[in-house]
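# A structural walkthrough
So you can see what is in the structure, the chains are spelled out below.
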Amino acid sequence: MSKTAILEIDGKKYEFPVIVGTENEVAIDIEKLRGATGAITLDPGYKNSGSCKSEITFLDGEEGILRYRGYSIEDLADKADFLEVAYLLIFGELPNQAQLDKFENDIRKHTLVNEEMKSILEGFPKTAHPMGVLSSLTSALTAFNPKSVNVENEKEMYDAVCKTMGKFLVIATWTYRRRMGFPLNYYDNTKGYVENFMRLMFEIPTQPYKMDQKIVDALDKLFILHADHEQNCSTSTVRIVGSSHAGLFASISAGVSALWGPLHGGANQAVLEMLEEINNNGGDVAKYVLKAKDKDDPFRLMGFGHRVYKNFDPRATIIKKAADDVLDALGVDDPLLDIAKQLEKVALEDEYFKSRNLYPNVDFYSGIIYRAMGIPVEMFTVLFAIGRLPGWIAQWKEMRTNKEPIGRPRQVYTGSPSRSFKEVNQR
Ligand code: SDX
């Protein structure tokens, strides 16, 4: 591979360095482009632009490969648990047993949320979408933890990680409890992280929550599958907000808002709503595939397509099998799973989807499992956020530790040329 790239503008040649990544990805370093040529690049949606170098996650969209810190998603989903993967993403190595036990216990020290947060929660109408409430509550945590993290101080950074992992899980479940009019639950330090999620969500004061280990195991795997995904929309949001040296809670709050969108993490809720609509309209899958192909119809097949994966999303493969296993284990026969499988089959045989490399993504099957677990559809994207939290933390930490510059893209101005002001009586 050549070490430089040549760009010719107006007959003048310019040379720029070529960077090759661990997995032989090739990038042209244009840090000096505008200074040398006066020109900038234009790349709406950043489809061809790298924002950073990162050591956290690697994915190959053509080969359907996803690795966290070099470990394959298949191995991690099969052999690790969520806190182990969170530790790996954030600190770079799989923890030994002592490190893992300490991490879990240190998270437990931070799961009490200031009681005054409840009055902020109560300020929301019960009908408020949980993602909007979660973003606000996450930002509000700054009010009770005003000291910004000194990222150079290992202990301060570690404590901020544990605090974020602990408090975020609790306030995420409070969004559901508020919506249901249930009393708010507290973390139980005698139970695991994912077990606590189920308890925090569903335990009522009149009887202890009966834990189903199959659900806990499936949820642990789902959180792992959602834990990081390189520079996706919400992670890029966390990095760019953090690049102004805004705090970790404020950056995560912005990431929650970005994830909420139906083109991103909100797709898991949109998939279920789409499957329910198809089911309620007689299950005519072919009709909806036609709608998805019709350029005049805004309908898209939610859970299909991906900016990077132009092959199967490896997470979708794992989740599809988990959906079968969990529904079998729970004795749930969900017609929506049958519709999803029909939809997938029809789409994968259809030229429109094949020619555009549109395959099921991580969101296509996850909602079916959440529904089987009794998770309400408005909470699906909150679960995505809980899974994605360690990735956001890891990426924010990497960006700050690497002292990356504040993110400030350029633009090409296409508005009015200079013009003189007109008094209002002359307009
Ligand atoms: C996530 O980036 C990440 O890593 C995200 C994520 C993560 O872990 O963080 O993986 C999680 O967000 C997964 C994606 C969830 N979103 C959805 O399922 C929503 C439905 N999918 C899309 O809207 C779309 O596929 C995107 C947004 C995911 C990707 O859009 P792109 O890369 O900008 O592609 P595009 O919109 O330019 O589409 C290319 C073509 C277009 O047709 P033509 O103009 O070429 O004729 O494919 C068509 C699109 O109309 N197309 C679809 C489609 N997705 C793309 N047509 C019908 N249904 C779809 N779902």
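Residues numbered from 1 in each chain as written. Predicted model: local features only at pLDDT ≥ 70, side-chain atom pairs only at ≥ 80, totals over all residues. Heavy atoms only, no water.

By the naming in an unreviewed UniProt entry, the chain goes by Citrate synthase and is assigned to Flavobacterium profundi. Quoted straight from UniProt, the Catalytic activity (unreviewed entry) entry for the chain says "oxaloacetate + acetyl-CoA + H2O = citrate + CoA + H(+)". According to UniProt, the comment filed for the chain under the heading Sequence similarities (unreviewed entry) is "Belongs to the citrate synthase family." (UniProt positions renumbered as here; feature names shortened; annotations may be inferred.)

### Remarks on the overall build of the chain
Counting its secondary structure elements, the chain contains 18 helices and 6 strands. Principal-axis analysis of the C-alpha atoms places the extent of the chain at approximately 75 × 65 × 55 Å. Of all 427 residues assigned to the chain, the portion counted as buried reaches 49%. Nonlocal contacts in the chain, meaning residues at least 24 apart in sequence, comprise 71% of its contacts between residues at least 6 apart. One way to put it: in the chain the 52 positive side-chain charges average out to a point 6 Å from where the 59 negative ones average out. (Helix = DSSP H or I, 4+ residues; strand = E, 2+ residues; numbered from the N terminus. Buried < 20%, exposed > 50% of the residue type's maximum accessible area, 1.4 Å probe, protein only. Contact = heavy atoms within 4.5 Å. Lys, Arg positive; Asp, Glu negative; His and termini not counted. Charge placed at Lys NZ, Arg CZ, Asp CG, Glu CD.)

### Things to note about the site of the ligand
For the ligand, the set of nearby residues contains 25 residues, the closest of which are H229, G303, H306, R315 and R388. Within the side chain of R300, an N or O atom sits 2.8 Å from an oxygen atom of the ligand. Contacts to the ligand include G303, whose backbone N or O atom sits 2.8 Å from an oxygen atom. Of the residues assigned to the shell around the ligand, the class counts are 10 nonpolar, 7 polar and 8 charged. (Near = heavy atom within 4 Å. Polar contact = N/O pair within 3.5 Å; in protein donor to acceptor, adjacent residues only side chain to side chain. Nonpolar A, V, L, I, M, F, W, Y, C, P; charged D, E, K, R; others polar.)

### Side note on the layout of surface pockets
Empty space within the second largest pocket amounts to approximately 360 Å³. Taken together, 20 residues make up the lining of the second largest pocket; nearest its centre are N145, K147, S148, V149 and A160. Looking at the lining of the second largest pocket, the elements that each hand over two or more residues are α7 (154-180), α11 (248-260) and α18 (380-401). Examining the composition of the lining of the second largest pocket, we find that 5 residues originate from one element, α7, more than from any other. In terms of residue class, the lining of the second largest pocket is made up of 8 nonpolar, 7 polar and 5 charged. (1 Å grid on protein atoms, 1.4 Å probe; cavity = no way out; pocket = protein on both sides within 12 Å on 5 of 7 lines; lining within 4 Å. Points joined across faces, edges and corners; volume = space filled by probe spheres on them.)

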